[in-house]
Amino acid sequence: MARKTENPGPSVSAQEALEFHASGRPGKLEISPTKPMATQRDLSLAYSPGVAVPVKAIAEDPSRAFDYTTRGNMVAVITNGTAILGLGNLGALAAKPVMEGKAALFKRFADIDAIDLEVDTENVDEFINCVRYLGPSFGGINLEDIRAPDCFIIEQRLRELMDIPVFHDDQHGTAIIATAGLINALHLTGRDMKTAKLVCNGAGSAGIACIELIKSMGFSPEKIILCDTKGVVWQGREEGMNQWKSAHAVKTDARTLADALDGADIIFGLSAKGALTPAMIQSMAKNPIIFAMANPDPEITPEEVAEIRTDAIMATGRSDYPNQVNNVLGFPYIFRGALDVRATTINDAMKVAAAQALADLARQDVPDDVAAAYQGMRPKFGPNYIIPVPFDPRLISAIPVAVARAAMDSGVARRPILDLDKYAQELSARRDPIASTLQRIYDRVRRQPKRVVFAEGEEEQVMRAAVSYANQRLGTAILVGREDRIKETASHAGVELDRPGIEIINARLSRRNAIYADYLYERMQRKGFLFRDCQRLINNDRNHFAACMLALGDADAVVTGVTRNYSTALDDVRRVIEAKPGHRVIGVSIALCRGRTVIVADTAVHDMPNSEQIADIAEEAAGFARRMGYEPRVAMLAYSTFGHPAGERSARVQEAVQILDKRRVDFEYDGEMAADVALNAKAMQQYPFCRLSGPANVLIMPAFHSASISTKMLQELGGSMVIGPLLVGLNKPVQIVSLNAKDSDIVNMAAIAAYSAGA
């Protein structure tokens, strides 16, 4: 039975996937110390002799392990590889990439540290005995990819033996998200849990868990029919039965899935592609609720249902359809809440609370930073929006709070949280803003795909980026270059370009060549260029050709920069594309370090800006921040803070602040100030007159060199993720990557350019 719903997402090539996992440091995880290790004293505190003090404290009171070690924020993701994704029993070692990915999702969505453990045994007792003794190391156990019925036995025994949460996500994660959607679907169709008739096709771990959860919420057992590959699970059936199926057998004359679905209100599909036919769906009751959750392909597609029913509410496990039943909506946040109250288990009350919180969230107005992904089509509670989307920033504050409250109310919390409102605020600060922003960008571009020109089409990493762009359903990737050279390079590199969404254009052979040359000459004839100069640039320079494609409407966006330095590529582009009226072209970089995001400008264009230019840069950067979903708090940086020490360059920044005062801009700003004052709330408190309400999230540098140096140092020494420089202020969307950029960087830039095309 297929049941993985974390993120089926767009297709990727095998080579692309292998290179992703092998590039840089192999795998997806690393361990970094959280305390300084720079001096002998640091080492003495971290290890011997200082470490003896917490050792003794924990020996006296075991609960102190949560205070002095990582236990309170550490989850083990454990498998034996007997049911990997939809691939079956491939063994413990083959499951490691999946478990690493699960651990990465814990960190990304809920700031939980997780480590993967692959246990090389298919013997249930051996597996249990291995895991049960790991309790002191972790705050929770996430079981994964274990076949049924072994998973039922393993989870139940471990829950009995361990005093920390043990949660098999393949069962309960799917059940919680599906139940949340069902709550809302019942509400929209005016049905009652006690009278609605539900059929569940699929009697594996997820199917059984779904039935058990909805029964615990009040669904009538006699109204639920379970089906497997042999038909209806009815009382008295002997073939293919086990104790878990038998617990849900009902008295019925129905023997086939088709029989069961006749007149049914709801179908939960947790089986395989094609298991549901149009005739079955046609036989269901009015306003049927259809959850076709098999992955990667649902039991029946929304398109097939739409041909025969206009009254259906439908959900799938796919990200390219509305109402995605995605486990990532559940497990990170459920564990977050459980860990934070030091719960001894994850019980039914906590699962129900998570499902209800998800259902409630879908009924609330969608915030701007989620609505931005829909480009004006703000999702609203209804048949096509009964489950929140995975990048909704409210998930981190809504679900853990509900889980924590349920744990406290049901008596399994060892450390109650007294102020849940304050807890919700703390949770909001833990989410990963950059990843959420990128997810919103990708989602919106998929909804409105764009034609993006990859100007340096003969470079291998550019080809790979183009293939990834097309595979992710972001639109059409146009490679500019000689077709024979591109195909030869692609063949040697194992890149498959013969696929939908990839186009190759040779500038010399293009039918638009003469039109582009005329356009460029019209722009450049009073700047010392002859017509033959412009013709030569169109024929031989891919940046000029690509920019003309964009300027004349033959493409939506351009990405370049792999083979030329930034300033050269920018000069090429600006011969063709000018600034937006009333705007200044600048470069901004987005830096993320330990979950904190700052936007830095100008990181690309102005070498030594004057006060007027610094003010313009601040306005452009603040506008960019708002488009990315942040409310800007702009700090105008210098080596001095509010006049001390004095200097000419600091005076420019002071003048820029005065210029913004006269313009009466609608965002927070102040300066001049040093970087530590701008970013540190305590340091900022020394200046009670400072206008910023909190640490800055937009930093305006006094010069290009300081901006470039600081972002590169953050990246190399601080371990920050830096995206950019991103071009802001041009009349058409162009992004320039750094020399020799990786294919993943190029794809991100292409997506950002495509996003801007729809802004």
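Note that the structure is a prediction, hence the values are computed from the model and not measured.

Q: Quick question: what am I supposed to make of the packing of aromatic side chains here?
A: Under the counting rule described, the total for this entry stands at 12 aromatic pairs. Relative to Phe545, the ring of Tyr516 has its centre 5.1 Å away and its plane inclined at 75 degrees; by these criteria the two rings are edge-to-face. Of the two residues, Tyr516 is situated in helix H22 (residues 513-524) and Phe545 in helix H24 (residues 542-551); the sequence distance between them amounts to 29 residues. Here the two residues Tyr516 and Phe545 agree in accessibility, since each one is buried. With a centroid separation of 5.9 Å and 65 degrees between ring planes, the pair formed by Phe667 and Tyr669 is classed as edge-to-face. We classify Tyr669 as buried; its relative accessible area is 9%.

Q: What should I look at first to understand unusual backbone geometry in this one?
A: Excluding glycine, a negative phi dihedral is what most residues carry, and trans is how most peptide bonds are arranged. At the junction of Ser48 and Pro49, the peptide bond is cis and its omega measures out at 5 degrees in the coordinates. Summarising the element assignment, Pro49 is placed in the loop between helix H2 (40-46) and helix H3 (52-60). In this model, Gly671 is joined to Glu672 through a cis peptide bond whose omega is -5 degrees. Along the chain, Glu672 turns up in strand S18 (residues 668-673). Here Phe642, not a glycine, exhibits a phi torsion of approximately 45 degrees, which is positive.

Q: Hey, could you run me through the UniProt feature "binding site: a divalent metal cation" (unreviewed entry) in the protein in this one?
A: Within this numbering scheme, the UniProt entry marks Glu144, Asp145, Asp170 and Asn295 as carrying the feature "binding site: a divalent metal cation" (unreviewed entry). Tracing the sequence through the fold places Asp170 in helix H8 (residues 169-189). Only 2.7 Å separates the side chain of Asp170 from the backbone nitrogen of Asp145, close enough to count as a polar contact. Structurally, Asn295 can be placed in the loop between strand S9 (289-292) and helix H13 (302-308).

Q: In this structure, what is going on with the packing of helix H26 (residues 611-627) against helix H27 (residues 648-663)? I would like to understand it.
A: Angle between the axes and distance between the axes: these two values describe a pair of packed helices. Their axes nearest at 8 Å, the elements H26 and H27 cross at an angle of 60 degrees. As the angle between them shows, H26 and H27 are arranged oblique. Crossing handedness for the pair H26 and H27: right-handed. Of the residues in H27, those in contact with Ser611, Glu612, Ile614, Ala615, Asp616, Ala618 and Glu619 of H26 are Arg652, Val653, Glu655, Ala656, Ile659, Leu660 and Arg663. The residue inventory of the contact of H26 with H27, partitioned by class, reads 7 nonpolar, 1 polar and 6 charged.

Q: It is not clear to me how the domain arrangement of the protein should be interpreted in this structure. Could you clarify?
A: Size of an interface: often given as the accessible area lost when the parts come together. Taken domain by domain, the protein holds domain 1 (53-164), domain 2 (172-410), domain 3 (439-576) and domain 4 (586-729). Taking only C-alpha atoms into account, the centre of domain 1 sits 43 Å from that of domain 4.

Q: Hey, could you run me through the side chain of Gln735 in this one?
A: Tracing the chain through its elements places Gln735 in strand S21 (residues 734-736). Of note is the side chain of Gln735, whose polar atom sits 2.8 Å from the backbone nitrogen of Leu727. Aside from chain neighbours lying at most four places away, what touches Gln735 is Val558, Val559, Thr560, Pro725, Leu726, Leu727, Met749, Ile752 and Ala753.

Q: Help me understand the pattern of salt bridges in this model?
A: Side-chain pairs of opposite charge can arise where the charged atoms are in close proximity. If you walk through the whole model with that rule in mind, you get 44 salt bridges. Where Asp311 meets Arg309, a salt bridge forms, and the shortest distance between an N and an O atom there is 3.0 Å. Each member of the salt-bridge network shares a partner with another, and the members are Arg584, Glu612, Asp616, Glu619 and Arg663.

Q: What should I look at first to understand helix H14 (residues 331-340) in this one?
A: Because an α-helix packs 3.6 residues into every turn, residues spaced three or four apart end up facing the same way. Of all 10 residues in H14, 10 are buried, a share of seventy percent or more. Taken residue by residue, H14 has Phe331, Pro332, Tyr333, Ile334, Phe335, Arg336, Gly337, Ala338, Leu339 and Asp340 as its buried positions.

Q: For this particular structure, what's the right way to read the pairing of strand S17 (residues 633-637)?
A: Of all the 5 residues making up S17, 4 are buried; the element is thus mostly covered by neighbouring parts of the structure. Examined bridge by bridge, S17 and S18 share 5 bridges and lie parallel to one another. Counted as the bridge partner of Val634 is Tyr669 from S18. Where the polypeptide runs from S17 across H27 and back to S18, its parallel neighbour, the crossover connection is right-handed. Note that S17 and strand S19 (residues 698-700) share 3 bridges and pair parallel. Bridge assignment links Ala635 to a residue of S19, and that residue is Leu699.

Q: Before we go on, may I ask you to explain the nonpolar core in this structure?
A: What tends to happen in soluble globular proteins is that the nonpolar side chains get buried as a cluster. Grouped together as the largest cluster of nonpolar side chains are 102 residues, with contacts concentrated most on Ile141, Phe219 and Phe268. Split by domain, the residues of this core number at least three in each of domain 1 (53-164) and domain 2 (172-410). Membership of the second largest hydrophobic core comes to 67 residues, among which are Ala465, Ala615, Val665 and Phe667.

Reading the values: the criteria
- Residues numbered from 1 in each chain as written.
- Predicted model: local features only at pLDDT ≥ 70, side-chain atom pairs only at ≥ 80, totals over all residues.
- Heavy atoms only, no water.
- Phe/Tyr/Trp six-rings, centres within 6.5 Å; stacked < 30°, edge-to-face > 60°.
- Helix = DSSP H or I, 4+ residues; strand = E, 2+ residues; numbered from the N terminus.
- Buried < 20%, exposed > 50% of the residue type's maximum accessible area, 1.4 Å probe, protein only.
- UniProt positions renumbered as here; feature names shortened; annotations may be inferred.
- Polar contact = N/O pair within 3.5 Å; in protein donor to acceptor, adjacent residues only side chain to side chain.
- Axes fitted to C-alpha atoms, helices over the stretch in contact; angles between N-to-C directions.
- Parallel < 35°, antiparallel > 145°, perpendicular 65-115°, else oblique.
- Left-handed = near helix turned anticlockwise from the far one by under 90°.
- Contact = heavy atoms within 4.5 Å.
- Nonpolar A, V, L, I, M, F, W, Y, C, P; charged D, E, K, R; others polar.
- Domains from an automatic or database assignment.
- Salt bridge = Lys/Arg side-chain N within 4 Å of Asp/Glu carboxyl O.
- Pairing = 2+ DSSP bridges.
- Right-handed = clockwise from strand over helix to strand, strands pointing away.
- Core = buried A, V, L, I, M, F, W, Y, C linked by side-chain atoms within 4.5 Å.

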